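Working through the structure, step by step
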Amino acid sequence: MAKIQKIPRTGNGALTVAREQEAVLFSLLVTNGPAGRKAGKGSLTGEPEVLRQAFRAGDCRLTLDDGVALNIAVVAHTDGGDTAYFELR
């Protein structure tokens, strides 16, 4: 039996870093982890300086286009790049 690939959710969102909110595009894939806990990872596209600050801060808040706010940790970003990668907290 073949495994069904989940399709990531994409859209416009807002990234909050140090009480400042900036517009970003997101791609998010949520899975069910152990004991029913949700796990997930994804990517953000936005202004390179904002993503650099988010990477340095580590923990941030991502607000999705439907108003759902998620605590995330930015785990990878190339300095000067417009893409960063995150995991749900």
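What counts, and at which threshold
- Residues numbered from 1 in each chain as written.
- Predicted model: local features only at pLDDT ≥ 70, side-chain atom pairs only at ≥ 80, totals over all residues.
- Heavy atoms only, no water.
- Helix = DSSP H or I, 4+ residues; strand = E, 2+ residues; numbered from the N terminus.
- Rg over C-alpha atoms; globule rule 2.2 N^0.38 Å.
- Buried < 20%, exposed > 50% of the residue type's maximum accessible area, 1.4 Å probe, protein only.
- Contact = heavy atoms within 4.5 Å.
- Areas by Shrake-Rupley, 256 points an atom, 1.4 Å probe, with all protein chains shown as cover.
- Lys, Arg positive; Asp, Glu negative; His and termini not counted.
- Charge placed at Lys NZ, Arg CZ, Asp CG, Glu CD.
- Patch = residues over 30% accessible without salt bridge, like charges linked within 9 Å, V, L, I, M, F, W, Y side chains within 5 Å.
- Salt bridge = Lys/Arg side-chain N within 4 Å of Asp/Glu carboxyl O.
- Core = buried A, V, L, I, M, F, W, Y, C linked by side-chain atoms within 4.5 Å.
- Arc of directions from axis to C-beta.
- Pairing = 2+ DSSP bridges.
- Axes fitted to C-alpha atoms, helices over the stretch in contact; angles between N-to-C directions.

This brings us to the overall build of the protein. Counting secondary structure elements, the protein contains one helix and six strands. The globule rule puts the C-alpha radius of gyration for 89 residues at 12 Å, and the 13 Å found for the protein is close to it. Along the longest, intermediate and shortest principal axes, the C-alpha atoms of the protein span 45 × 20 × 20 Å. Scored against the burial criterion, the 89 residues of the protein give a buried share of 34%. Across the protein, contacts joining residues at least 24 apart in sequence account for 42% of those joining residues at least 6 apart. For the protein, the exposed area adds up to about 6000 Å²; of that, 51% sits on carbon and sulfur atoms. Counting 11 positive and 10 negative side-chain charges, the protein places the centres of these two groups 12 Å from one another.

Side chains of Glu20, Glu22, Glu47 and Asp82 sit close together on the surface and give a patch of like negative charge. Along the polypeptide, Glu22 turns up in strand β2 (residues 20-32).

Before going further, it helps to spend a moment on the nonpolar core. Membership of the largest hydrophobic core comes to 18 residues, with the highest contact counts inside it found for Leu15, Leu28, Leu44, Cys60, Leu62 and Ile72. Looking at this core, the elements with two or more residues in it are β1 (9-17), β2, α1 (48-57), β4 (59-63), β5 (69-77) and β6 (83-88). Here Leu28 is in contact with Pro8, Arg9, Lys41, Gly42, Leu64, Leu70, Phe86 and Leu88, once residues within four sequence places are set aside.

This paragraph deals with α1. Buried within α1 are the following residues: Val50, Leu51 and Ala54. Take α1 and look down its axis: the buried residues cluster within an arc of 95 degrees, on one side only. One or two positions beyond α1, positive phi appears at Gly58, with a value near 85 degrees.

Glancing now at the sheet that holds β2. On the basis of which strands lie adjacent, the closed barrel formed by six strands has the order β1-β2-β3-β6-β5-β4 and antiparallel pairing. On average, adjacent strands in this sheet sit at an angle of 45 degrees to one another, irrespective of strand direction. Alignment of β4 against β5, held across five bridges, turns out to be antiparallel. Residue pairing across strands places Leu62 opposite Leu70, the latter belonging to β5. Contacting β1, β2, β3 (38-45), β4, β5 and β6, α1 crosses the sheet at an angle of about 95 degrees to β5.

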